[in-house]
Amino acid sequence: MMALVFTAPGELEMRDVPDPEPADGEVLVHVRAAGICGSELHGARHPGFRVPPLIMGHEFAGLSDNGDRVLINPILSCGHCSLCGRGLRYLCADRALIGVHRPGGFAERVAVPAGAARPLPDWLSWSEAAVVEPAANAVHAWNLARGGPGHRVAVLGCGAIGLLCLLTALAGGADQVEVTDLSPVRLAAARRLGAAAAGTTLTGEYDVVIDAVGSAVTRALSVQHQRPGGVAVWLGLAEQAAGFDAPALVRGEKSVLGSFGYTDDEFDGATALLRDANLSWVVPYPLAAGAQIFTELMNGRLDPVKALLSPEPGRA
Ligand SMILES: [Zn+2]
Ligand SMILES: [Zn+2]
């Protein structure tokens, strides 16, 4: 079968690879759409978490071997530790991700543990289904922040995660959501989704600040623009440096929370967020051109907010 293989730092190739053979308790999924994540564009250049050779892809949906439309929850866990027992399996010490620690969705077919294949509501297209995983990350961040009606919210970064955080906050009753990014294309997408303000900087103070970039600059902004007693949630991982003003955090009783992953309920419930959402910023491309598309995204020569790979992009 055809697969996009991460072969070495900064290098990806389309390869003909053996078909996956599902083990006991696994199902074969014929992939219909798989999202390319910012973490993969970064990870392909800085291997460590992702080790080549690897078929990446953790945001995907497809048809199971018996014809069911399925959505893949890529988080695998041990299932018997205390965190797994408390519904926090995304924090399991033995956590592994499909598309990181085992082959993922940038291929015609992939074998996954049966429990990872969730039913896909028939009102979601394949393209929309591929956005459920990042949407689950946004829902989780909002829940961690205890975001709710009337809150003033800022979202730093309008990539897919940032836009989905905007959607989540609006769906959660936020009073007004302001966003920042450097890309006019991304800011325009945010305005179409209902951002009250979309520009390159923040001006006010917010109850909740969501950092969907993860640079030293955005981390500093997330503390600076948080009202006293507010909360910042960090999802971005662009840079190592923390960057924020620690004394200001203490004096203003501010908070910073890390967010990574989602509960099973948040994953399954994230489908609702995408119902009737404007996803014109999600663009499917042919899997056969995957190496070229991935490389152009990595080098900044192609800039859809969210690119998907699909064997039949016209039907995704
Ligand atoms: Zn992702
Ligand atoms: Zn566990």
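Residues numbered from 1 in each chain as written. Chains lettered and ligands numbered in written order. Predicted model: local features only at pLDDT ≥ 70, side-chain atom pairs only at ≥ 80, totals over all residues. Heavy atoms only, no water.

1. Concerning the overall build of the protein
Worth spelling out the cut-off: Helical segments are the DSSP runs of H or I of at least four residues, strand segments are the runs of E of at least two, and each set is numbered from the N terminus. Taken over C-alpha atoms, the radius of gyration is set against a globule rule of 2.2 Å times the number of residues to the power 0.38. Here's how the labels work: a residue is buried when its accessible area is under 20% of the maximum for its type, exposed when over 50%, partly exposed in between, all with a 1.4 Å probe on protein chains only. The contact criterion used is simple: two residues touch if any of their non-hydrogen atoms lie within 4.5 Å. Exposure was quantified through the Shrake-Rupley algorithm and a 1.4 Å probe, taking into account, for residues, occlusion by the shown protein chains and nothing else. Charge assignment: positive for Lys and Arg, negative for Asp and Glu; neither His nor the chain ends contribute. Where a charge sits is defined by one atom per residue type, namely NZ (Lys), CZ (Arg), CG (Asp) or CD (Glu).
Scanning the protein for helices and strands turns up 10 helices and 17 strands. A globule of 316 residues ought to have a C-alpha radius of gyration of about 20 Å, and the protein, at 19 Å, matches this closely. Taking the principal axes of the C-alpha coordinates as reference, the protein spans close to 60 × 45 × 40 Å. Buried positions account for 53% of the 316 residues belonging to the protein. A separation threshold of at least 6 residues defines the contact pool for the protein, and within that pool the share at least 24 residues apart is 69%. Carbon and sulfur atoms form 52% of the exposed surface of the protein, whose accessible area is close to 13,400 Å². Across the protein, the 24 positively charged side chains and the 33 negatively charged ones have centroids separated by 4 Å.

2. Examining the coordination of the zinc ion (ligand 2)
Formally: Note that water is not among the atoms used; donors are N, O and S atoms within 2.8 Å of the metal (3.2 Å for Na, K and Ca), so sites may look incomplete. Each label reflects the angles at the metal, where four donors whose angles all fall between 85 and 135 degrees are tetrahedral, four or six donors whose opposite pairs open beyond 155 degrees and whose other angles stay between 65 and 115 are square planar or octahedral respectively, and the rest are irregular.
For the zinc ion (ligand 2), the full set of protein donor atoms is C78 (SG), C81 (SG), C84 (SG) and C92 (SG), and the range of their distances to it is 2.3 to 2.4 Å. Of note is the zinc ion (ligand 2), whose four donor atoms meet at the metal with angles of 106 to 117 degrees in an arrangement that counts as tetrahedral. Every donor residue of the zinc ion (ligand 2) comes from the same chain, spaced as C-x2-C-x2-C-x7-C. Residue C78 is located in the loop between β6 (75–76) and α2 (82–85), and its partner C92 is located in the loop between α2 and β7 (96–97); the two are separated by 14 residues in the primary sequence.

3. Considering the coordination of the zinc ion (ligand 1)
Expected angles at a metal are 109.5 degrees for tetrahedral coordination by four donors and either 90 or 180 degrees for octahedral coordination by six donors. Every protein donor of the zinc ion (ligand 1) is listed here as C37 (SG), H58 (NE2) and E59 (OE), and their distances to the metal cover 2.1 to 2.4 Å. In the primary structure, the donors to the zinc ion (ligand 1) are separated according to the pattern C-x20-H-E. Here E59 lies in strand β4 (residues 59–64) and C37 lies in the loop between β3 (26–35) and α1 (38–45), a separation of 22 residues in the sequence. In terms of burial, C37 and E59 fall into one category: buried.

4. Some remarks on the nonpolar core
Most often, soluble globular proteins have nonpolar side chains that are buried together. The test is simple: Residues belong to one nonpolar core when they are buried, are Ala, Val, Leu, Ile, Met, Phe, Trp, Tyr or Cys, and are joined through side-chain atoms within 4.5 Å.
Within the largest apolar cluster, 57 residues are counted, with the highest numbers of intra-cluster contacts made by L163, V179 and W281. For W281, the residues in contact, after removing those within four places along its chain, are V131, A160, L163, L164, A189, L193, V305 and K306. By size, the runner-up hydrophobic cluster in this structure holds 37 residues, among which are L12, L54, I55 and I98.

5. Here's the deal with the packing of helix α5 (residues 160–171) against helix α6 (residues 184–193)
To be explicit about the condition: Axis lines are fitted to C-alpha atoms, over the contacting stretch for helices. Their N-to-C directions set the angle, which ranges from 0 to 180 degrees. In this scheme, roughly parallel covers angles under 35 degrees and roughly antiparallel covers those over 145, while 65 to 115 is roughly perpendicular and the rest are oblique. It is the rotation of the near helix from the far one that decides the hand of a crossing: anticlockwise by less than a right angle makes it left-handed, clockwise makes it right-handed.
Running from N to C, α5 and α6 cross one another at 15 degrees; their axes reach a closest spacing of 10 Å. Overall, the two elements α5 and α6 adopt an arrangement that is roughly parallel. Here α5 runs over α6; the crossing is right-handed. The residues of α6 that touch α5, namely those facing L163, L166, L167 and L170, are R186, A189, A190 and L193.

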